[in-house]
Amino acid sequence: MLIQQTIEYTIVGAGLVSAQMIKTWRAHMKFYAILITIIIIIIYVIVSCRYYILSYLKYFAKKLKYRKDVSDSLKIDTKTRKLTNSTIDSGIELLAEQLKKINYTYKGEFLVPDDLRRKLVYSKFSERSLKELFKLITAHMGITDEGVELKVEYVSNRPRSYAGLYNEGTEEDTTKRITVCVKPDYTYETLMSIFIHECTHYYLLTNGIRLEDRNKNEYLTDIATIYLGFGKYILEGYKESKKLVYLSETLRTSSQHKVGYINYSDAKYIIKRVKQYR
């Protein structure tokens with residue numbers, strides 16, 4: 001300090017600078033000294049706490065990824081029901097993690113025996129033939145077929161709120177029930193995809209795999225049908241079919257139906273992707 005004052009007095013005495021300039025210089029030096037001190041403290045804190053800072057940044061990055069996945073899941077085309085590929089990948093990863101916890105083993109692609117296929121077609125998916133199919137499907141999934149009631153509803157082609165249902169049961173009635181709606185214009189593949197979807201609900205809930213959001217849970221169930229080995233029937237059943245309806249000799253229109261929550265292109269993508277996780 002004494003040396004600094006001596007230098008300042010010498011400079012002022014020599015007439016090189018004014019006293020006012022010395023005051024300004026002092027203020028600047030004080031500011032820069034404080035700034036340098038703050039920078040040194042920040043560097044010291046970063047170096048000392050680098051492990052905690054890196055851990056926080058990783059956690060924050062995961063949170064951002066989760067938010068991105070949630071926002072992606074909201075970006076669904078309501079007309080085509082098209083999911084983004086990143087949303088599908090997130091669903092597959094989530095499912096793979098959950099199935100790993102229950103030691104799931106992939107048993108290959110499921111195929112319906114020819115004789116059972118003929119029974120299903122000729123009986124229009126009777127409850128008796130469905131029971132036989134259900135036994136094979138649950139065996140392929142690795143769960144029991146006992147304690148589940150199967151119900152078939154033969155309905156018209158008019159729009160309904162559901163094509164199939166799975167009821168877990170209540171405290172009063174603990175019976176689990178799978179319902180399949182059979183329409184005149186539903187193909188064998190369409191009915192198979194409906195029934196497999198509801199069977200997969202049963203499988204996932206039995207193993208405690210479920211998302212709270214209903215729509216997201218339905219999409220996860222569709223992904224699971226393919227993951228568990230039913231991709232062939234989902235791919236064929238989820239095709240949007242069109243049928244000409246003649247109202248008169250000159251007037252005609254077309255009707256179409258679509259079941260499932262994913263569409264045909266989604267199913268193709270999922271079939272390709274799940275091979276990397278099994």
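To keep things clear, this report deals only with the structure shown in the data block. (Residues numbered from 1 in each chain as written. Predicted model: local features only at pLDDT ≥ 70, side-chain atom pairs only at ≥ 80, totals over all residues. Heavy atoms only, no water.)

## Focus on the overall build of the protein
Selection criterion: Secondary structure elements follow DSSP: runs of H or I of four or more residues count as helices, runs of E of two or more count as strands, with numbering from the N terminus. When checking whether two residues touch, look at their non-hydrogen atoms; a contact exists if any pair is within 4.5 Å. Reported accessibility uses the Shrake-Rupley method at a 1.4 Å probe radius. Residues are deemed covered only where the shown protein chains occlude them.
In terms of regular secondary structure, the protein is built from 9 helices and 5 strands. If you take every contact in the protein between residues at least 6 apart in sequence, the share linking residues at least 24 apart comes to 66%. As displayed, the protein has an accessible area near 18,200 Å², and 58% of this comes from carbon and sulfur atoms.

## Section: the pattern of salt bridges
For clarity, the threshold we go by: Salt bridge criterion: a side-chain nitrogen from Lys or Arg within 4 Å of a carboxyl oxygen from Asp or Glu. Under the scheme applied here, a residue whose accessible area is under 20% of the maximum for its type counts as buried, over 50% as exposed, and between as partly exposed, the area being computed with a 1.4 Å probe on protein chains only.
Inspection of every chain in the model, using the stated rule, returns 7 salt bridges. Note that Glu132 is salt-bridged to Lys119, the shortest N-O span being 3.3 Å. Remark: Lys119 occurs in helix H5 (residues 114-122) and Glu132 occurs in helix H6 (residues 127-141); sequence separation between them is 13 residues. A residue is classified by how much of its surface remains accessible, and Lys119, at 40% relative accessible area, is partly exposed.

## Things to note about the pairing of strand E2 (residues 164-167)
For clarity, the cut-off: Paired strands are those between which DSSP finds at least two bridges.
The alternating pattern of E2 places Gly164 and Tyr166 on a buried face, while none of Leu165 and Asn167, on the opposite face, is buried. Relative to strand E3 (residues 176-182), E2 is paired through 4 bridges, and the arrangement is antiparallel. By the bridge assignment for E3, Asn167 is matched with Arg177.

## Digging into the packing of aromatic side chains
Definition in use: Aromatic rings from Phe, Tyr and Trp, with only the six-membered ring used for Trp, were paired whenever their centres fell within 6.5 Å, and each pair was classed as stacked if the ring planes differed by under 30 degrees, edge-to-face if by over 60, and tilted otherwise. The rule for a charge over a ring is simple: NZ of Lys or CZ of Arg within 6 Å of the ring centre, and within 35 degrees of the ring normal.
A full pass over the atoms with the stated rule returns 8 aromatic pairs. Seen from their ring centres, Phe110 and Phe230 are 5.1 Å apart, and the 45 degrees between their planes marks the pair as tilted. Remark: Phe230 occurs in helix H8 (residues 214-237) and Phe110 occurs in the loop between helix H4 (85-101) and H5; sequence separation between them is 120 residues. Relative to Tyr261, the ring of Tyr219 has its centre 6.0 Å away and its plane inclined at 75 degrees; by these criteria the two rings are edge-to-face. Residue Tyr219 is located in helix H8, and its partner Tyr261 is located in the loop between strand E5 (252-257) and helix H9 (264-274); the two are separated by 42 residues in the primary sequence. A relative accessible area of 24% means that Tyr261 is categorised as partly exposed. Here the guanidinium or amino end of Arg117 rests over the ring plane of Tyr188, the centre of that ring lying 4.2 Å away.

## Side note on H4
Short version of the rule: Multiplying one less than the number of residues by 1.5 Å gives the expected span of a helix.
Spanning 17 residues, H4 covers 25 Å between terminal C-alpha atoms, matching the ideal 24 Å at 1.5 Å per step. Residues of H4 that are buried include every one of Thr87, Ile88, Asp89, Ser90, Gly91, Ile92, Leu95, Ala96 and Leu99, and no others. Count one or two residues on from H4 and you reach Asn103, which has phi positive near 60 degrees.

## Overview of unusual backbone geometry
The phi angle at Lys124 is positive, at roughly 55 degrees, despite the residue not being glycine. Of note, Lys124 is situated in the loop between H5 and H6. The backbone of Phe125 shows a phi angle near 60 degrees, a positive value even though the residue is not glycine. Mapping Phe125 onto the fold places it in the loop between H5 and H6. Residue class for Phe125 comes out buried when judged on its relative accessible area of 2%.

## Thoughts on the packing of H4 against H9
Rules: For helices, the axis comes from a line fit to the C-alpha atoms of the stretch in contact; other axes are also lines fit to C-alpha atoms, and the angle between any two N-to-C directions lies between 0 and 180 degrees. Any angle from 65 to 115 degrees is called roughly perpendicular, while one under 35 is roughly parallel, one over 145 is roughly antiparallel, and all others are oblique. Handedness of a crossing follows from how the near helix is turned relative to the far one, being left-handed for an anticlockwise turn of less than a right angle and right-handed for a clockwise one.
At a minimum axis separation of 11 Å, H4 and H9 run at an interaxial angle of 45 degrees. The pairing of H4 with H9 is recorded here as oblique in orientation. Note on packing geometry: the crossing formed by H4 with H9 is right-handed. Contact residues: Asn85, Ile88, Asp89 and Ile92 in H4; Asp266, Tyr269, Ile270, Arg273 and Val274 in H9.

## A few points about the sheet that holds E3
Hydrogen bonds between backbone groups are what pair the strands of a sheet, and the pairing can be parallel or antiparallel. Reading across the sheet, the 3 strands line up as E1-E3-E2 and stay open at both edges, with mixed pairing between neighbours. The sheet is open, and its two edges are formed by strand E1 (148-154) and E2, each paired on a single side. Each strand of the sheet is rotated relative to its neighbour by a mean of 15 degrees, with strand direction disregarded. Relative to E3, E1 runs parallel, the two sharing 7 bridges. Along E3, the bridge assignment pairs Glu149 with Arg177. Packed on one face of the sheet, helix H7 (residues 188-206) meets E1, E2 and E3 and runs near 165 degrees to E3.

Honestly, it's all geometry; don't read function into it.
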